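# Fold and contact review
Residue strings, one per chain:
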Protein chains: 2
Amino acid sequence: EQVKVLLSLKDKLRIASGEPASGSKSAKSFSLKTPKGTKDYTAKEMSVRSKIFSTITSVFEKHGAVTIDTPVFELKEILTGKYGEDSKLIYDLKDQGGEECSLRYDLTVPFARHVAMNGISNVKRFQIAKVYRRDQPAMTKGRMREFYQCDYDIAGQYDAMIPDAECVRVAVEVLTSLDVGSFVIKINHRKILDAIFEVSGVPEDKIRTISSAVDKLDKLPWADVKKEMTEEKGLDESVADKIGEYVRLSGREELLDKLRALPELMASSKAQEGVADMDLFFKYAKIYNILDYVSFDMSLARGLDYYTGIIYEAVLTEENVRPTEAQPTATGAKEVKEGGEIDESQVRVGSIAAGGRYDELVGMFSAARRGGKAKGKNSNVPCVGISFGVERIYSIVMSRLPAETIKANKTQVALKIATELWDAGIPAEFTYKVKPRLQSQYNTCDQEVIPWAVLIGSDEVASGNVKIKNMAVKVEGEEGGVTVKRSDMISELKQRLGL
Amino acid sequence: EQVKVLLSLKDKLRIASGEPASGSKSAKSFSLKTPKGTKDYTAKEMSVRSKIFSTITSVFEKHGAVTIDTPVFELKEILTGKYGEDSKLIYDLKDQGGEECSLRYDLTVPFARHVAMNGISNVKRFQIAKVYRRDQPAMTKGRMREFYQCDYDIAGQYDAMIPDAECVRVAVEVLTSLDVGSFVIKINHRKILDAIFEVSGVPEDKIRTISSAVDKLDKLPWADVKKEMTEEKGLDESVADKIGEYVRLSGREELLDKLRALPELMASSKAQEGVADMDLFFKYAKIYNILDYVSFDMSLARGLDYYTGIIYEAVLTEENVRPTEAQPTATGAKEVKEGGEIDESQVRVGSIAAGGRYDELVGMFSAARRGGKAKGKNSNVPCVGISFGVERIYSIVMSRLPAETIKANKTQVALKIATELWDAGIPAEFTYKVKPRLQSQYNTCDQEVIPWAVLIGSDEVASGNVKIKNMAVKVEGEEGGVTVKRSDMISELKQRLGL
């Protein structure tokens, strides 16, 4: 009996240390995979992804942004205390004798660290890179543990709401350029939201958790959200009802007048500041021609702690969200994680970009640099930014794009010809066989969408000619290819390829 | 006394666990950094790096290669047993309840895993991505713990040496396109090298370590290498002398005739196979016009275990290697790590690309997939590839390129004008100030090399005009800018910008 227990414990130890249990035979046969929540991207997927990146990059660059690159891991303490409850999703590196490090969870915190570390007072930067979250993967919904974010941020002391409006303009330009279909950018302001909670009577320590409940209003009916606030989170029913009145408000610019007409709310200095900001925002959004895309929505709350001003989230509108290969369960509704926390800036169904103003983050790092003191005038750098979740955009673009590959097509002579083609800048490939079969090469042209073939037989070698054959289109009378002088091969091909 | 010891031990424990020692005050003031061996890349550095990547990519694509992307971490067991002694440099992720994972050490092993996992029989792929090694960093020499590799590999059953010669041709094209200066590509063959060790009498279990000693011959004189072989590694002096005769041979194609004239060596079937391969290689290299770049060097050994055929390494030639900002100690000689191991495919001083044939790696993974059995005909996929270490190339290119930025240049009207410029595809920026000072904007144009400014004062607003001013060049009579109609602004700017 005791031996059994011991053996079982031994097995548990083996499992804990990563060795296969004694009972399991073919542990090796399960090892040929990528880690949970990660995947390889094939050439076709990469070509779509790089098109998306290049479209996004060109918008960012048009706005004068420059790119920086930061390490894939950061000192653990840099990430500590930045993500609230989601900190449990951070990947740590093993302690192998040295510093404690963690994989980056987003691109915002490393950016703030970079700005503080280098004493930068203002910069407009973009970064397109992978981030890591030990979340429960939902690959079919595009939720991965390793995924790309495309971030655009403006750091610096500027006049109120000008860079904020530009971030929303950038979102409109990116999503329009990518042709993702119709979308709306929901906006709200943390100070107005805080004022609502304040005047409704939410205790200080419950603001964050009540805020998450509010953020579910686009998925759940008010009754359910209220239930969560009162039954789960212990809020007084009267307080919840008051919140409910406020956060169900949405509209456009005219909503500001509605808010101004609420004396109880406007008694809060936070509300006054938020409303003044939003007033400016709408002024600038009008000039930027983006008013039609914007919806002022008091239920937008966002989960991350570090936002201090305007917040926004771009969502595909209902009509546009249809099940695609990679998104069979898309419903247009927000996705809520276990425990009721909403996963910020993660790829949600329907949500494709999000961000906001975070004025304190750089200051946290600057203060650390100065050993906790000297919170001087210039130690803080206000920031605002937007992050695009590319997996969702990817699946939309992927479902529409036709396959597209452009390539051009042995004996020993083939090596020489390939050399000439490469030297002339013409993409070329050949079968690595001394005696390749013609038909198999034709098949390769078909499969790889190679538009032109150069044919060489003993006749051609003897006469100093080559045949060039259109593999994409059958040309009447030229089914066997056209014979051209070897010395004219490059110019003939260039002409036909339009090079 | 004992209390003192205990307190000191406590401190040691704290340090070991990453906490600050009780005595140290401002632990936080040291945290604002990137992890050891990593760095942020600034906008300027990124622009140089992306030019290098785009040059390399265009060569790879010209040869018909497609790109794939793999996760930054792999299951630990995928990497186990692939890198010999260097396995100690692998970064592991912390066990947070799940799979054991490690950061990728190179791009070759993940590629082989990808090929085996997907049952791919042939593919020509490239990948440009970061790899991770817990090596002693030497940032000034460009040796980092996080660094980029640019890999080009051909997988598939093909006729001997055709893809191998193409990899060397690709190296020549890449290094020529990048204009790195004069270089030579050293080549050798693992089978010839193994035959040399065999006929010299090196015991089987010492072949790897003796091979590393040989690889130092371009840095150390033969006497030192021999000393390492005999005194450190216990080889008979007569055996070392025999090796010495062989490995000091170098030359070009004619070296093959010299080898063929050595009956003892040629009695080895491995030597016969290696020489036949190299004979073919030179034949193809001649057709590919790369003979001038190639040096047949019997002292090239390479450290990685998985090579099975031709091996090569591109090195800058002595005259070309000069100290640069990032490389103050460049000497053109190979760098040897502590313990005498040579760091393979790592950025060495002078070495900028390396690779070779590895025919067994995919088979190791395929065998694992089939539970260790079924080593059938198609379970193995022979591969050959080359890896470019971009940090070294980066520092060469960086030392030559001039700063280069192209950007173009408020009241509330500025937002409207910026919108028009963005809509027209003209890059534009403005100061985010309601009342910006003109001189500070002029300074920004200078700093950011912005070629044109659009000027608006109350006069211009009233008259419906704008002034456009060349910021790059002083134009006689146009020092204050040229007044144009607001409606002509875009066309006037486009014309001047050549758009």
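Residues numbered from 1 in each chain as written. Chains lettered and ligands numbered in written order. Predicted model: local features only at pLDDT ≥ 70, side-chain atom pairs only at ≥ 80, totals over all residues. Heavy atoms only, no water.

### Looking at the relation of the copies chain A and chain B
For the pair of chain copies, the relating operation is a rotation around an axis with a shift along it. Basically, it comes down to this: When the copies are superposed, the least-squares fit takes in the C-alpha atoms of residues with a pLDDT of at least 70 in both. Note on contacts: a residue pair qualifies if any of its non-hydrogen atoms lie within 4.5 Å across the two residues.
Aligned on chain B, chain A shows an RMSD of 0.1 Å; the corresponding rotation is 180° and the shift along the axis is 0.0 Å. Such a combination of rotation and displacement between the chain copies is what one expects of a two-fold axis. The fraction of interface residues of chain A whose copies in chain B are also interface residues reaches 100%, indicating that both copies meet through the same surface.

### Observations concerning the confidence of the model for chain A
Which entries qualify depends on this criterion: A residue's pLDDT is the predictor's confidence in that residue, given on a scale from 0 to 100.
For chain A, mean pLDDT is 81; residues scoring 70 or higher make up 81% of the total. Low pLDDT, under 50, characterises residues 320-349 of chain A; the stretch is placed with 95 contacts to residues that sit more than four places away or in other chains.

### Regarding the side chain of Ser 366 of chain A
Residue and element names in this part refer to chain A. Test applied: Helix and strand assignments come from DSSP, with helices taken as H or I runs of at least 4 residues and strands as E runs of at least 2, each series counted from the N terminus. Here the term buried applies to any residue with accessible area under 20% of the maximum for its type, exposed to any over 50%, and partly exposed to those in between, with areas from a 1.4 Å probe on protein chains only.
Along the chain, Ser 366 falls in helix H13 (residues 361-369). Its relative accessible area of 4% is what places Ser 366 among the buried residues. Ignoring any residue separated from it by four or fewer positions in sequence, one finds Ser 366 in contact with Ala 116 and Ser 379.

### Describing the sheet that holds strand S10 (residues 351-358) of chain B
All names here are of chain B. Stated precisely, the cut-off is as follows: Strand pairing requires that DSSP identify at least two bridges connecting the strands.
The strand order across the open sheet built from 9 strands is S1-S4-S5-S11-S10-S9-S6-S8-S7, with neighbouring strands paired in mixed fashion. Both outer strands of the open sheet, strand S1 (66-67) and strand S7 (250-251), are each paired with one neighbouring strand and no more. Here 7 bridges tie strand S6 (residues 183-189) to strand S9 (residues 310-316), and the two strands are oriented antiparallel to one another. The partner of His 189 across the bridge, within S9, is Ile 310.

### A word on the packing of helix H7 (residues 207-214) of chain A against helix H8 (residues 222-232) of chain A
Residue and element names in this part refer to chain A. The following threshold applies: Here an axis means a line fitted to C-alpha atoms, over the contact stretch when the element is a helix, while the angle between two N-to-C directions is reported on a 0 to 180 degree scale. Each angle gets one of four labels, with under 35 degrees taken as roughly parallel, over 145 as roughly antiparallel, 65 to 115 as roughly perpendicular, and the rest as oblique. Crossings are sorted by hand: turned counterclockwise from the far helix by less than a right angle, the near helix makes the crossing left-handed, and turned clockwise it makes it right-handed. Residues are sorted three ways: Asp, Glu, Lys and Arg are charged, Ala, Val, Leu, Ile, Met, Phe, Trp, Tyr, Cys and Pro are nonpolar, and all the rest, Gly among them, are polar.
Axis separation between H7 and H8 bottoms out at 9 Å; the angle between their running directions is 160°. As the angle between them shows, H7 and H8 are arranged roughly antiparallel. The chirality of how H7 crosses H8 is right-handed. Where H7 abuts H8, its residues Ile 210, Ala 213 and Val 214 lie against Val 225, Glu 228 and Met 229. Residue composition of the contact of H7 with H8, grouped by class: 5 nonpolar, no polar and 1 charged.

### Side note on the pattern of salt bridges
For clarity, the cut-off: One speaks of a salt bridge when a side-chain nitrogen belonging to Lys or Arg is within 4 Å of a carboxyl oxygen belonging to Asp or Glu.
For the structure shown, the criterion picks out 57 salt bridges over all chains. In this structure, Arg 125 of chain A and Asp 153 of chain A form a salt bridge, with 2.8 Å as the shortest nitrogen-oxygen distance. Within this pair, whereas Arg 125 of chain A is found in strand S4 (residues 123-132), its partner Asp 153 of chain A is found in strand S5 (residues 146-155), the two being separated by 28 residues in sequence. Each member of the pair, Arg 125 of chain A as well as Asp 153 of chain A, is classed as buried. One salt-bridge network, held together by shared partners, links Arg 49, Lys 130 and Glu 146 of chain A together with Asp 69 of chain B.

### Focus: the environment of Glu 61 of chain A
Looking at the secondary structure, you find Glu 61 of chain A in helix H2 (residues 43-62). We classify Glu 61 of chain A as partly exposed; its relative accessible area is 45%. Between the C-alpha atoms of Glu 61 of chain A and Lys 124 of chain A, which are 63 residues apart in sequence, the distance is 9.8 Å. With residues near it in sequence (within four places) discarded, Glu 61 of chain A still touches Phe 126 of chain A together with Pro 427 of chain B.

### Brief notes about helix H6 (residues 190-200) of chain B
Residues and elements named next belong to chain B. Within H6, 9 of the 11 residues are buried, which leaves the element mostly enclosed by the surrounding structure. Within the sequence span of H6, burial applies to Arg 190, Ile 192, Leu 193, Asp 194, Ala 195, Ile 196, Phe 197, Val 199 and Ser 200. The first or second residue beyond H6 is Gly 201, which carries a positive phi of 95°.

### A look at the interface of chain A and chain B
Here is the rule: Accessible-area loss on putting two parts together, using a 1.4 Å probe and summing over both, is the definition of buried area adopted here.
Taken residue by residue, the interface counts 94 residues in chain A and 94 residues in chain B. Between chain A and chain B the total buried area reaches about 8,200 Å² when both faces are included, carbon and sulfur atoms providing 59% of it. Three residues stand out in chain A for area buried against chain B, namely Leu 32, Trp 422 and Tyr 432 of chain A, and they jointly supply 11% of the buried area on that side. The interface formed by chain A and chain B includes 12 salt bridges. Ionic pairing is found between Asp 40 of chain B and Arg 113 of chain A, a salt bridge with its closest N-O pair at 2.6 Å. Grouping the amino acids of the side of chain A that touches chain B by side-chain chemistry returns 39 nonpolar, 21 polar and 34 charged.

### Thoughts on the nonpolar core
What counts is decided by this rule: Here, nonpolar core means buried Ala, Val, Leu, Ile, Met, Phe, Trp, Tyr and Cys residues that are tied together by side-chain atoms lying within 4.5 Å of each other.
Formed by 100 residues in total, the largest nonpolar core has its most connected members in Phe 60, Met 229, Ile 243, Phe 281 and Phe 296 of chain A. The leading source of residues in this core is helix H5 (residues 162-177) of chain A, at 9 residues. When near neighbours in sequence (up to four residues on either side) are disregarded, Phe 281 of chain A contacts Met 161, Asp 164, Ala 165, Val 168, Ile 187, Val 294 and Ile 310 of chain A. Grouped together as the second largest cluster of nonpolar side chains are 84 residues, Phe 430, Val 466 and Ile 468 of chain A together with Ile 162 of chain B included.

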